[in-house]
Amino acid sequence: ISVQPYFAQELGLGLIAIASAFFWVRMLDLGVDVVLAILMDRTRTALGRYRAWMLAGVPILMLGVYQLFMAKKGIGVSYLIIWLLVYALGNSMVGLARAAWAANLVTRYHQRARFYGYLGFISVVGLLTVFGLSPLAEFLKLKVNSVHLMGWVILAMLPLATGVTAGLVREPINV
């Protein structure tokens with residue numbers, strides 16, 4: 001289950017419109033990622049350089065997730081593009097901050113390789129959990145919208161996972 005078939009089948013958007021929206025948002029996101037990376041590297045806060053960006057990105061990402069996963073029938077392409085842009089911005093802020101923060105905390109090559117291996121494993125487990133919700137709901141004969149269920153789980157897990165990371169990971173802070 002992914003959101004593209006949901007947008008087409010449940011919400012009535014055309015497949016070409018959906019593909020175009022995703023394409024243009026990804027193209028714009030390429031430039032946004034470069035600008036964000038430069039800004040992150042120049043940021044100095046009492047929270048640290050990257051923790052602040054990660055924390056700021058979570059509410060933006062959550063808003064994008066909510067608007068996309070809980071979208072109602074009758075949305076148009078402009079709605080999709082706007083909320084994909086919000087989602088992409090939040091995702092970039094959180095993802096780039098996490099990756100840059102990790103690279104600064106884990107400086108030895110083998111430690112960094114191991115860390116990113118763990119991070120990749122955790123990401124796969126998270127994806128399998130979210131994608132496994134639909135078959136589980138079907139097996140349990142629950143009458144739920146699978147995309148909405150995935151959205152609610154993502155919305156619940158984002159602040160929890162970010163809070164644990166931001167609260168437990170220590171770093172030297174150079175303001």
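It should be emphasised that the depicted structure is a prediction, and the values quoted were computed from it without experimental measurement.

Considering the overall build of the protein
When you go through the protein residue by residue, the secondary structure sums to six helices and zero strands. Reading the helices (α) and strands (β) of the protein from amino to carboxyl end gives α-α-α-α-α-α. Considered along the principal axes of its C-alpha atoms, the protein spans approximately 50 × 35 × 25 Å. Across the 175 residues of the protein, 33% fall into the buried class.

Regarding the nonpolar core
Residues Phe 7, Leu 68, Phe 69 and Leu 80 are the most contacted members of the largest nonpolar core, which totals 38 residues. Sorting the residues of this core by element identifies α1 (3–10), α2 (15–42), α3 (51–69), α4 (77–105), α5 (109–139) and α6 (146–168) as the ones contributing at least two each. By residue number, the principal contributor to this core is α4, which donates nine residues. Once you skip the residues sitting within four places of it in the chain, Phe 69 turns out to touch Val 3, Tyr 6, Val 147, His 148, Met 150, Gly 151 and Ile 154.

Quick look at α1
Turning to α1, its buried residues are Val 3, Tyr 6, Phe 7 and Ala 8. Looking at the buried residues of α1, the elements they touch are α2, α3, α4 and α6. One or two steps after α1, the chain reaches Gly 12, where phi turns positive at roughly 85°.

Examining the confidence of the model for the protein
Mean pLDDT over the protein works out to 88, with 97% of the residues at or above the 70 mark. Within the protein, no element has a lower average pLDDT than α5, which sits at 84, and none a higher one than α3, at 96.

Concerning the environment of Asn 145
Relative to the helices and strands, Asn 145 resides in the loop between α5 and α6. Once the C-alpha coordinates of Asn 145 and Tyr 6 are considered, the two residues, 139 residues apart in sequence, prove to be 9.9 Å apart. A polar side-chain atom of Asn 145 sits 3.1 Å from the main-chain amide nitrogen of His 148.

Considering α2
For α2, built from 28 residues, the straight-helix expectation of 40 Å at 1.5 Å per residue is met to within 8% by its first-to-last C-alpha distance of 40 Å. When the local axis directions of α2 are compared, the greatest deviation, roughly 25°, occurs at Leu 30. All buried positions along α2 are accounted for by Ile 18, Ala 21, Val 25, Asp 29, Leu 36 and Met 40.

Considering the side chain of Thr 43
Examined against the element boundaries, Thr 43 turns out to sit in the loop between α2 and α3. Within polar-contact distance, the side chain of Thr 43 engages the side chain of Trp 53 at 2.8 Å. With sequence-adjacent residues up to four places away left out, Thr 43 is seen in contact with Arg 49 and Trp 53.

Notes on the packing of α3 against α4
A pair of packed helices is captured by two measures, namely the crossing angle of their axes and the spacing between those axes. At their nearest, the axes of α3 and α4 sit 7 Å apart, and the two run at 150° to each other. Between α3 and α4, the angle falls in the class roughly antiparallel. Taken as a pair, α3 and α4 cross one another with a handedness that is left-handed. Of the residues in the contact of α3 with α4, the class split is 20 nonpolar, five polar and one charged.

Conventions used here
- Residues numbered from 1 in each chain as written.
- Predicted model: local features only at pLDDT ≥ 70, side-chain atom pairs only at ≥ 80, totals over all residues.
- Heavy atoms only, no water.
- Helix = DSSP H or I, 4+ residues; strand = E, 2+ residues; numbered from the N terminus.
- Buried < 20%, exposed > 50% of the residue type's maximum accessible area, 1.4 Å probe, protein only.
- Core = buried A, V, L, I, M, F, W, Y, C linked by side-chain atoms within 4.5 Å.
- Contact = heavy atoms within 4.5 Å.
- pLDDT = per-residue confidence, 0-100.
- Polar contact = N/O pair within 3.5 Å; in protein donor to acceptor, adjacent residues only side chain to side chain.
- Expected span 1.5 Å × (residues − 1).
- Bend = angle between axes of the 7 residues up to and from the residue.
- Axes fitted to C-alpha atoms, helices over the stretch in contact; angles between N-to-C directions.
- Parallel < 35°, antiparallel > 145°, perpendicular 65-115°, else oblique.
- Left-handed = near helix turned anticlockwise from the far one by under 90°.
- Nonpolar A, V, L, I, M, F, W, Y, C, P; charged D, E, K, R; others polar.

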